[in-house]
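Coordinate analysis (summary)
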Amino acid sequence: MEKPSNLLLKVSRRLFDNDDQQAKFIDALVNPKPFLPCILWCKNKPEDSPFMVENSTLWQPQFVDRLQLGQKPGQHPLHQQGYFYCLDFSSVFAASILLTINQSIPLVLDMCAAPGGKSVFAWQALQPDLLISNEVIGKRLGMLISNLKRCQIKPSGVVNRDSSIFAEMFPLSSNLVLVDAPCTGQSLLAKGEKAPGCFHSTSINKSANRQKRIIANSGQVVAPQGYLAYMTCTYSPEENEQVCEWFLEKFPQFQAVEVPHLLQYQSHLTTIPCYRMFPQDGLGAGAFTVLFKNTDEGERKEIDLDAISSMYIYKDMEIKNLGLTH
């Protein structure tokens with residue numbers, strides 16, 4: 001067994017009081033085991049699935065399948081034809097908070113969209129009139145556009161702007177803003193990948209400050225009675241519960257929404273309704289997720305479609321068919 005670093009030991013003690021849980025968490029990162037492959041169907045699932053499918057979890061949406069180990073869905077012809085999107089089951093866990101939303105969501109803005117999994121999930125789960133997928137890091141745009149195009153996600157548009165631009169130009173306009181926040185990526189270790197410096201306090205604090213800036217900008221874009229979904233693929237409380245506590249203090253009009261199907265995953269590190277998946281549970285590499293609602297009354301501000309259209313670097317839509325106003 002590889003020896004865990006002192007920084008990993010420190011994080012494990014902050015996450016778990018129980019020695020046994022600490023040991024299982026550390027083992028999941030130091031000696032990673034494979035997780036079941038997972039696919040999100042973008043088109044109607046064939047009656048005879050070409051894959052060996054595992055039993056669903058109670059909260060797993062019908063358009064998601066977990067497959068048996070050893071299968072390689074990314075190499076199947078249906079993948080190239082855009083029938084499904086491959087993703088970690090932790091991403092399904094995080095995005096499943098969207099299944100709690102029981103109102104029409106005409107406009108979805110995915111603020112940190114690449115490579116596109118959460119955008120595809122939101123499109124499939126909520127069927128918005130318009131999906132805007134934003135990615136600020138230029139080198140990640142190609143993968144995002146390729147995935148949306150392959151899976152025929154429309155009406156959709158891809159934008160490459162800082163979150164502050166949306167807060168300034170389109171306040172109170174979006175029914176749902178997704179923030180799959182850039183983070184230290186500690187869960188990569190549970191997949192057997194590298195994440196240098198991910199447990200170092202400097203990296204964690206830098207990441208947390210960036211997350212606070214993004215979630216603050218994103219909160220300003222959410223329409224009255226709209227939603228803000230915040231999620232990460234990391235474990236540090238500074239990047240998760242503490243960001244949520246900071247956000248609610250700065251934006252008291254927001255409340256965290258209880259997600260009934262995830263109650264067993266409630267974080268024990270806060271009283272805010274927010275949810276964690278850990279790698280030792282065997283379902284996925286790990287995730288944190290929370291759904292906020294803007295409780296303010298009032299009308300959603302109409303988004304200026306001409307202004308947003310000038311930003312698109314990729315789009316697949318017919319504006320005249322959108323249920324949104326110019």
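Residues numbered from 1 in each chain as written. Predicted model: local features only at pLDDT ≥ 70, side-chain atom pairs only at ≥ 80, totals over all residues. Heavy atoms only, no water.

**Examining the overall build of the protein chain**
Across its full length, the protein chain carries 10 helices and 12 strands. By the compact-globule yardstick of 20 Å for 326 residues, the protein chain fits well, its C-alpha radius of gyration being 19 Å. For the protein chain, the C-alpha atoms occupy an extent of roughly 60 × 50 × 35 Å along the three principal directions. Classification of the 326 residues of the protein chain by burial places 55% in the buried group. Counting only contacts in the protein chain whose residues sit at least 6 apart along the sequence, the fraction spanning at least 24 positions is 75%. Looking at the protein chain as shown, the accessible area adds up to about 14600 Å², and 48% of this sits on carbon and sulfur atoms. Distance between charge centres in the protein chain, computed from 30 positive and 32 negative side chains, equals 6 Å. (Helix = DSSP H or I, 4+ residues; strand = E, 2+ residues; numbered from the N terminus. Rg over C-alpha atoms; globule rule 2.2 N^0.38 Å. Buried < 20%, exposed > 50% of the residue type's maximum accessible area, 1.4 Å probe, protein only. Contact = heavy atoms within 4.5 Å. Areas by Shrake-Rupley, 256 points an atom, 1.4 Å probe, with all protein chains shown as cover. Lys, Arg positive; Asp, Glu negative; His and termini not counted. Charge placed at Lys NZ, Arg CZ, Asp CG, Glu CD.)

**Digging into the sheet that holds strand 2 (residues 64-66)**
The strand order 2-1-3 describes an open sheet built from three strands, whose pairing is antiparallel. Bordering the open sheet on either side are strand 2 and strand 3 (84-86), each of which pairs with just one other strand. Adjacent strand axes in the sheet meet at a mean angle of 25° when their direction is disregarded. Two elements, strand 1 (residues 38-41) and strand 2, share three bridges in a ladder whose sense is antiparallel. Note on strand 2: the bridge partner recorded for L40 is V64. (Pairing = 2+ DSSP bridges. Axes fitted to C-alpha atoms, helices over the stretch in contact; angles between N-to-C directions.)

**Observations regarding the pairing of strand 8 (residues 222-232)**
Burial analysis of strand 8 places 10 of its 11 residues in the buried class, the great majority of the element. Pairing of strand 7 (residues 174-180) with strand 8, which is carried by six bridges, proceeds in the parallel orientation. When the bridges of strand 8 are listed, L178 appears paired with A229. Running through helix 8 (residues 201-221), the crossover from strand 7 to the neighbouring parallel element strand 8 is right-handed. Looking at chain direction, strand 8 and strand 11 (residues 287-294) are connected through six bridges and run antiparallel. From the neighbouring strand, M231 faces strand 11, where its bridge partner is T289. (Right-handed = clockwise from strand over helix to strand, strands pointing away.)

**Here's the deal with the packing of aromatic side chains**
In the structure shown here, the tally under the stated rule is 18 aromatic pairs. Between W41 and F84 the ring centres are 5.5 Å apart and the planes differ by 75°, which places this aromatic pair in the edge-to-face class. A residue pair is termed long-range when its members are at least 10 positions apart, and W41 in strand 1 and F84 in strand 3 qualify at 43 residues. One aromatic cluster is present, formed by F16, F25, Y235 and F278 through successive ring pairs. (Phe/Tyr/Trp six-rings, centres within 6.5 Å; stacked < 30°, edge-to-face > 60°.)

**Points about unusual backbone geometry**
Residue A114 is joined to P115 through a cis peptide bond whose omega torsion reads 5°. In this fold, P115 is placed in the loop between strand 4 (107-110) and helix 5 (117-126). Phi is positive for Q127, which is not a glycine, with a value near 50°. Mapped onto the elements, Q127 comes out in the loop between helix 5 and strand 5 (130-134).

**Considering the packing of helix 1 (residues 6-15) against helix 2 (residues 19-30)**
It is at 9 Å that the axes of helix 1 and helix 2 come closest, and there the two elements cross at 140°. With respect to each other, helix 1 and helix 2 are oriented oblique. Of the two possible hands of crossing, helix 1 and helix 2 adopt the one that is right-handed. Contact residues: helix 1 offers L8, L9, S12, R13 and L15, while helix 2 offers Q22, F25, I26, L29 and V30. (Parallel < 35°, antiparallel > 145°, perpendicular 65-115°, else oblique. Left-handed = near helix turned anticlockwise from the far one by under 90°.)

**So, the nonpolar core**
The biggest cluster of nonpolar side chains holds 48 residues, and the ones touching the most others in it are L40, L98 and L176. Every element with two or more residues in this core is listed here: strand 1, helix 4 (89-95), helix 5, helix 6 (141-150), strand 7, strand 8, strand 10 (275-277) and strand 11. With 37 residues, the next largest nonpolar core counts L109, C274, F288 and I303 among its residues. (Core = buried A, V, L, I, M, F, W, Y, C linked by side-chain atoms within 4.5 Å.)

**A closer look at the pairing of strand 6 (residues 156-159)**
Both faces of strand 6 are covered, namely the face carrying S156 and V158 and the face carrying G157 and V159. Pairing of strand 5 with strand 6 involves four bridges; the strand directions are parallel. Bridged to S133 within strand 6 is V158. Where the polypeptide runs from strand 5 across helix 6 and back to strand 6, its parallel neighbour, the crossover connection is right-handed. Here strand 6 pairs with strand 12 (residues 314-316) via three bridges, running antiparallel. Residue S156 lies in a different strand from strand 12, and its bridge partner there is D316.

**Regarding the UniProt feature "binding site: S-adenosyl-L-methionine" (unreviewed entry) in the protein chain**
UniProt records the feature "binding site: S-adenosyl-L-methionine" (unreviewed entry) for C112, A113, A114, P115, G116, G117, K118, E135, D162 and D180 in the present numbering. Residue classification places K118 among the buried residues on the basis of a relative accessible area of 10%. Setting aside residues up to four positions removed in sequence, K118 forms contacts with S91, A94, A95, D110, L178, D180 and M231. The topology assignment puts D180 in strand 7. Leaving out residues up to four positions away in the same chain, D180 has contacts with C112, K118, M231 and T232. A distance of 2.9 Å separates the side chain of D180 from the side chain of K118, its partner in a polar contact. (UniProt positions renumbered as here; feature names shortened; annotations may be inferred. Polar contact = N/O pair within 3.5 Å; in protein donor to acceptor, adjacent residues only side chain to side chain.)

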